[in-house]
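Listed below are the residues making up each chain.
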Amino acid sequence: MSAAPHEDAHGHHPFLQHHFEDLGQQHEASTLAMWGFLATEILFFGGVLMAYWVYRITYPEAWALGAAQQNWKLGAANTIVLIISSLTMALAVRNAQLARRMGVVTMLVLTLIFGSIFLGIKAYEYHAHWEEHLFPGASFQFAENPEQAPHVQLFMVFYWSMTGLHALHMIIGAGLLIWFIWRAWKNHFGPEYYGPVEVMGLYWHFVDIVWIFLFPFLYLIHGVHHG
Amino acid sequence: MADHQAGHQAHAPQVHITPMWIYLGVFAALSVGTILTVVASRLDLGMWNTPIALIIATIKAVLVILFFMHAIHSTRLTWVVIIASFLWLGTMFVLTFADYLTRHWAIY
């Protein structure tokens, strides 16, 4: 087993990289860099969302029909699950700031568990849509309203790609969490060096924010035809 | 490090420990926001259904950014990046919809 972090012979923190003056500068640089990355992510998801809105405005009836195919109860449950995971992620950062090793481990494990529950529910929904022939392509069927079927299929293209990109981010986040749980267990984090947990949190909360928008956009469109 | 200038004081990261009640309060607000989103979508609010869903989602996102992502305690440089990213997002939406929404002068 490798030793827990300690002041080495040169008198600097073992996780202070040599191109930084001190841990404060390293922390600020990593936080800023993560926000820079998130700026690209905001524009990446923003581009897909914008395309979604262009077609939603063009085919409002099909969008309402498409959203009506979703199980809003599962979507709402998943929203709550993801909010809980964001709370536990934030508390992991807080525990790192307070030098509570087991607190960090516990909160990261809980974040991983809630993230996995989210992915499990999502997988159940994907399976149901697959069985319902709501996957775009040769097997797509929408007998309820044949006239709108092509546009509902377009809605489902957005549904699968947006939730799929979101789920991909969740899977990457889950992988990072496993690594961070190991590091927290090794007692790598503390008030002087909680930056990595903070940066991991920034990513996780961003993915939560994406879902905060996807849920009403994909599950809860008030039908113009009922209006 | 050996090449530190004389008098340079190494500093640790700023630690702003957010009180538990803020984290729990934000969590409660996000949960209430989720319930409100569902309730509002099931009422017929005419043209207001979509704006209300957008407003609630935006408030939730701002709460997450300010308190869970600690933007409220971040450096000014970080604020520039956060604001710039939404400014570019806004530019993309405004310029695109300046086209799509005015092609037929229809009110959607």
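This text follows the structure it describes.
Residues numbered from 1 in each chain as written. Chains lettered and ligands numbered in written order. Predicted model: local features only at pLDDT ≥ 70, side-chain atom pairs only at ≥ 80, totals over all residues. Heavy atoms only, no water.

Participant: Teacher, can you tell me more about unusual backbone geometry here?
Facilitator: As a rule of thumb, non-glycine residues mostly have phi less than zero, and peptide bonds are mostly trans rather than cis. Even without glycine at this site, H133 of chain A takes up a positive phi of about 60°. Looking at the secondary structure, you find H133 of chain A in the loop between α4 (101-131) and α5 (149-185). (Helix = DSSP H or I, 4+ residues; strand = E, 2+ residues; numbered from the N terminus.)

Participant: Which parts of the structure should I look at to understand the interface of chain B and chain A?
Facilitator: Accessible area lost on assembly of the parts is the figure often given for the size of an interface. Chain B puts 56 residues into the contact, and the matching count from chain A is 55 residues. Around 4900 Å² of area is buried between chain B and chain A when both sides are counted, 77% of it from carbon and sulfur atoms. In this assembly, chain B and chain A are joined by zero salt bridges. In this structure, the connection of chain B to chain A is made through eleven residue pairs in polar contact (both at pLDDT 80 or more). (Contact = heavy atoms within 4.5 Å. Buried area = accessible area lost by both parts, 1.4 Å probe. Salt bridge = Lys/Arg side-chain N within 4 Å of Asp/Glu carboxyl O. Polar contact = N/O pair within 3.5 Å; in protein donor to acceptor, adjacent residues only side chain to side chain.)

Participant: Quick question: what am I supposed to make of the packing of helix α1 (residues 23-58) of chain A against helix α6 (residues 195-219) of chain A here?
Facilitator: The relative placement of two packed helices is expressed as an angle between their axes plus a distance between the axes. Residues and elements named next belong to chain A. Contact geometry for α1 and α6: axes closest at 10 Å, N-to-C directions at 10°. As the angle between them shows, α1 and α6 are arranged roughly parallel. Taken together, the residues of the contact of α1 with α6 sort by class into 17 nonpolar, four polar and two charged. (Axes fitted to C-alpha atoms, helices over the stretch in contact; angles between N-to-C directions. Parallel < 35°, antiparallel > 145°, perpendicular 65-115°, else oblique. Nonpolar A, V, L, I, M, F, W, Y, C, P; charged D, E, K, R; others polar.)

Participant: Before we go on, may I ask you to explain the packing of aromatic side chains in this structure?
Facilitator: For any two aromatic rings, the description comes down to two numbers: the centre-to-centre distance and the angle of the planes. Residue and element names in this part refer to chain A. Summed over the entire model, instances satisfying the criterion amount to 27 aromatic pairs over all chains. Considering the side-chain rings of F44 and F45, the 5.3 Å spacing of their centres and the 70° angle between planes classify their relative orientation as edge-to-face. Exposure remark for F44: the relative accessible area of 38% places this residue in the partly exposed category. The structure contains a cluster of three or more aromatic residues connected by ring pairs, namely Y52, W53, Y55, Y59, W63, F155, F158, F213 and F217. Taking the ring centre of W185 as reference, the NZ or CZ of R101 above it sits at 4.6 Å. (Phe/Tyr/Trp six-rings, centres within 6.5 Å; stacked < 30°, edge-to-face > 60°. Buried < 20%, exposed > 50% of the residue type's maximum accessible area, 1.4 Å probe, protein only. Lys NZ or Arg CZ within 6 Å of the ring centre and 35° of its normal.)

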